[in-house]
Amino acid sequence: MHMREVVVLTVAMAWPLTVLAAGPPKTCLPEFGQSARLEQAQQAYRPGDAGEAVRLWDELLRDSADGPPCRTVEIAWRIGEFLKVQKGESPELALRFLNRGIAAHVKGKPAEDWSLGKVLKTTGHFFRRQRDMESACKSLSAAWRIFSTLEGAAAARDQTRAELALNGCPMPSLPSP
């Protein structure tokens, strides 16, 4: 077995099977050029001086508005997730981008709600960092409701439920059909 095959096999084995079967529609995923621009912005990012990365992310989100709205939501989530790893970065910057993703979401397109659920879940993480537990619980509850209605989202729903419990949030209920 060659080294590349070992790496691919290791990654495939580590990747949860539910992720392979579930997630946003392909139309919601960033196109190749957009993924490259996300990578460029991440490389330009400097803690305490995020100006160049912010400029690149702003341009990318502005340009993504020409595609499906769920793609903008997905890109905003990827920016938020990147900033979540940067523990020293202010939550306000991440929330600014995540809110743009929330604003881009189109109601009534359930298959595209995956990206919105991810944005809301990440938003909850940043509210927790700000010690705003009420907002964190609201965001996590909204994400849980979305994941509870999507086929194949059991892992995301269960993970969100665990985060609700960990944060002392009341367990939300699903609306009656």
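This report concerns the structure included in the present document. Here the structure is a predicted model, which means the values were calculated and not measured.

Moving on to the side chain of Ser 139. Within the secondary structure, Ser 139 sits in helix H8 (residues 133–149). The exposure class of Ser 139 is buried, given its relative accessible area of 8%. The residues touching Ser 139, leaving out its near neighbours within four places in the chain, are Leu 120, Thr 123, Gly 124 and Phe 127.

Helices that pack against each other are described as a pair by the angle of their axes relative to one another and the distance between those axes. As a packed pair, helix H7 (residues 113–129) and H8 sit with axes 8 Å apart at the nearest point and diverge in direction by 160°. Looking at the two axes, H7 sits roughly antiparallel to H8. Considering how the two elements wind past one another, H7 and H8 form a crossing that is left-handed. Contacts from Asp 113, Trp 114, Leu 116, Gly 117, Lys 118, Leu 120, Lys 121, Thr 123, Gly 124, Phe 127 and Arg 128 in H7 reach Met 133, Ser 135, Ala 136, Ser 139, Leu 140, Ala 142, Ala 143, Ile 146 and Phe 147 in H8. Class assignment for the residues of the contact of H7 with H8 results in 11 nonpolar, 5 polar and 4 charged.

Attention now moves to unusual backbone geometry. One non-glycine residue, Arg 131, adopts positive backbone phi at about 65°. Considering the arrangement of structural elements, one finds Arg 131 in the loop between H7 and H8. Under the relative-accessibility criterion, Arg 131 is labelled exposed at 74%.

Membership of the largest hydrophobic core comes to 27 residues, with the highest contact counts inside it found for Tyr 45, Trp 57, Ile 79, Leu 83 and Phe 97. Going through the elements one at a time, helix H3 (32–44), helix H4 (51–64), helix H5 (69–85), helix H6 (91–104) and H7 are the ones with two or more residues in this core. Counting residues per element, this core draws most heavily on H5, which supplies 7 residues. Apart from residues lying up to four places away in sequence, Trp 57 is in contact with Leu 38, Ala 41, Tyr 45, Ile 79, Phe 82, Leu 83 and Phe 97. Of all hydrophobic cores here, the second largest spans 10 residues; its members include Ala 22, Trp 114, Leu 120 and Ala 156.

Quick look at H5 now. Given a rise of 1.5 Å per residue, 17 residues ought to cover 24 Å, and the 25 Å separating the end C-alpha atoms of H5 matches this to within 8%. Of all 17 residues making up H5, 13 are buried, and the element is well covered by its neighbours.

Taken as a whole and assessed by the stated rule, the structure comprises 2 disulfides. Disulfide partner of Cys 28: Cys 70, at an S-S distance of 2.1 Å. Handedness of the Cys 28-Cys 70 disulfide follows from its S-S torsion of about -95°: it is left-handed. Taken together, the residues span a long stretch of sequence, with Cys 28 in the loop between helix H2 (17–21) and H3 and Cys 70 in helix H5 at a distance of 42 residues. A residue is classified by how much of its surface remains accessible, and Cys 28, at 0% relative accessible area, is buried. Owing to a relative accessible area of 2%, Cys 70 belongs among the buried residues under this scheme. The residue that forms a disulfide with Cys 137 is Cys 169, at a sulfur-sulfur distance of 2.0 Å. Negative torsions about the S-S bond denote left-handed disulfides, and the value of about -80° found for Cys 137 with Cys 169 makes this one left-handed.

How each quantity is defined
Within each chain, residues carry numbers counting from 1 in the order of the written sequence. Residues qualify for local features only when their pLDDT is at least 70, as the model is predicted, and side-chain atom pairs are given and counted only at 80 or more; totals for whole chains, interfaces and linings, by contrast, use all residues. Each side-chain value is derived from all of the structure's non-hydrogen atoms; neither hydrogens nor water enter the calculation. A run of DSSP states H or I qualifies as a helix once it reaches four residues; a run of E qualifies as a strand once it reaches two. Both are numbered from the N-terminal end. Throughout, exposure labels follow a simple rule: accessible area from a 1.4 Å probe, protein chains only, divided by the maximum for the residue type, with under 20% read as buried, over 50% as exposed, and the rest as partly exposed. By definition in these notes, contact holds between two residues if any of their heavy atoms fall within 4.5 Å. Fitted lines through C-alpha atoms give the axes, limited to the stretch in contact for helices. The angle between two N-to-C directions lies from 0 to 180 degrees. For classification purposes, angles smaller than 35 degrees are called roughly parallel, those larger than 145 roughly antiparallel, those between 65 and 115 roughly perpendicular, and all remaining angles oblique. Handedness of a helix crossing follows the sense of rotation of the near helix relative to the far helix, less than a right angle counterclockwise being left-handed and clockwise being right-handed. Classes in brief: Ala, Val, Leu, Ile, Met, Phe, Trp, Tyr, Cys and Pro nonpolar; Asp, Glu, Lys and Arg charged; the others, Gly included, polar. In this description, a nonpolar core means a group of buried Ala, Val, Leu, Ile, Met, Phe, Trp, Tyr and Cys residues linked to one another through side-chain atoms lying within 4.5 Å. Multiplying 1.5 Å by the residue count of a helix minus one yields the expected span of that helix. Counting rule for disulfides: a pair of cysteine sulfur atoms within 2.5 Å.

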